[in-house]
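Below, each chain spelled out in residue letters.
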Amino acid sequence: MFVVDSPIGPLGVVAEGDLVVGVRFGARPGPDAEHPAARELRAYFAGELTDFTVPVEMRGGSEFERAVWGEIAKIPYGEMITYGAIATALGDPGAARAVGTACNHNPVPVIVPCHRVVGAGGKMVGFGGGLDRKRKLLELEARVALTRSWG
């Protein structure tokens, strides 16, 4: 594991070669790396990267959780979707809470953007890294998206 300093605190990144298999919030300061994931995360937090290209492997999880993670990965940069909308997309409109649980089990947060999933009406609810981190990630993306669209 290596550590990437970020505006939301140190992120521990677990990689096997170029493949990212985990991102952890609140990592203890530790060794940095010139790994592709470290470069992309630094560029993301600098507002220079909107689409991660590092390969990830979503390990573990139930079939439902893996389906949720697949839907999360489709959410465009700077946009949000509700837990209920993901549940509906997966064919079970009543599964919003289960979607929230699956988001919390996302092994590669930030890169697979579970922070872009919000409650009904855009309400800021739930996030494995804490609501303050979620808010900061959404604010970063909104600021960058506006700057890019308005020049």
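Our structure's up above, just so we're on the same page.
Treat the numbers as computed from the prediction; the structure is a model and nothing was measured.

Asker: Explain the pairing of strand β3 (residues 19–25) to me, and be specific about the residues and the numbers.
Answerer: Direction of pairing for strand β2 (residues 11–16) relative to β3: antiparallel, over a ladder of 6 bridges. Residue E16 lies in a different strand from β3, and its bridge partner there is L19. Hairpin connection from β2 to β3: 2 residues lie between these consecutive antiparallel strands, with G17 at a positive phi of about 65°.

Asker: Kindly report on the packing of aromatic side chains, identifying the contributing residues and their values.
Answerer: Taken as a whole, this structure holds 4 aromatic pairs when the rule is applied. Relative to F45, the ring of Y44 lies with its centre 5.0 Å away and its plane at 80°, an arrangement referred to as edge-to-face. You'll find Y44 and F45 in the same group, each marked buried. Measuring from centroid to centroid gives 6.2 Å for Y44 and Y77, while their planes differ by 85°, and the two rings are edge-to-face. Here Y77 lies in the loop between α2 (63–73) and β4 (81–82) and Y44 lies in helix α1 (residues 36–45), a separation of 33 residues in the sequence.

Asker: How would you summarise the pattern of salt bridges if you had to cite specific residues and measurements?
Answerer: Within this structure, the stated rule accounts for 7 salt bridges. Here R42 makes a salt bridge to E34, at a shortest N to O gap of 3.1 Å. The class for R42 is partly exposed, based on a relative accessible area of 29%. Its relative accessible area of 59% is what places E34 among the exposed residues. Of the charged contacts in the structure, one is a salt bridge between K74 and E71, with a shortest N-O distance of 3.0 Å. Salt bridges sharing partners connect three or more residues here, namely E16, E57 and R59.

Asker: A description of the nonpolar core should follow, citing residues and the corresponding values.
Answerer: Counting residues in each nonpolar core, the largest one holds 38 residues, and the members touching the most others are L41, Y44, F45 and I72. Elements with a minimum of two residues in this core: β1 (2–4), β2, β3, α1, α2, α3 (83–89), α4 (96–104) and α5 (131–150). No other element matches the 6 residues that α1 contributes to this core. Sequence-distant contacts of Y44, defined by excluding residues within four places in its chain, comprise L49, F52, Y77, V110, H115, L137, L140 and E141.

Asker: Tell me about the sheet that holds β3, and name the residues and values.
Answerer: If you trace the 3 strands from one edge of the open sheet to the other, you get β1-β2-β3, paired in antiparallel fashion. Each edge of the open sheet is held by one strand with a lone partner, namely β1 and β3. Each strand of the sheet is rotated relative to its neighbour by a mean of 30°, with strand direction disregarded. Bridging between β1 and β2 involves 3 bridges; their strand directions are antiparallel. Looking at β2, one finds that V3 is bridged to G12. Running over the sheet, α1 touches β1, β2 and β3 and is turned about 15° from β1.

Rules and cut-offs
- Residues numbered from 1 in each chain as written.
- Predicted model: local features only at pLDDT ≥ 70, side-chain atom pairs only at ≥ 80, totals over all residues.
- Heavy atoms only, no water.
- Pairing = 2+ DSSP bridges.
- Helix = DSSP H or I, 4+ residues; strand = E, 2+ residues; numbered from the N terminus.
- Phe/Tyr/Trp six-rings, centres within 6.5 Å; stacked < 30°, edge-to-face > 60°.
- Buried < 20%, exposed > 50% of the residue type's maximum accessible area, 1.4 Å probe, protein only.
- Salt bridge = Lys/Arg side-chain N within 4 Å of Asp/Glu carboxyl O.
- Core = buried A, V, L, I, M, F, W, Y, C linked by side-chain atoms within 4.5 Å.
- Contact = heavy atoms within 4.5 Å.
- Axes fitted to C-alpha atoms, helices over the stretch in contact; angles between N-to-C directions.

Remember, this is a structural readout, not a statement about activity or role.
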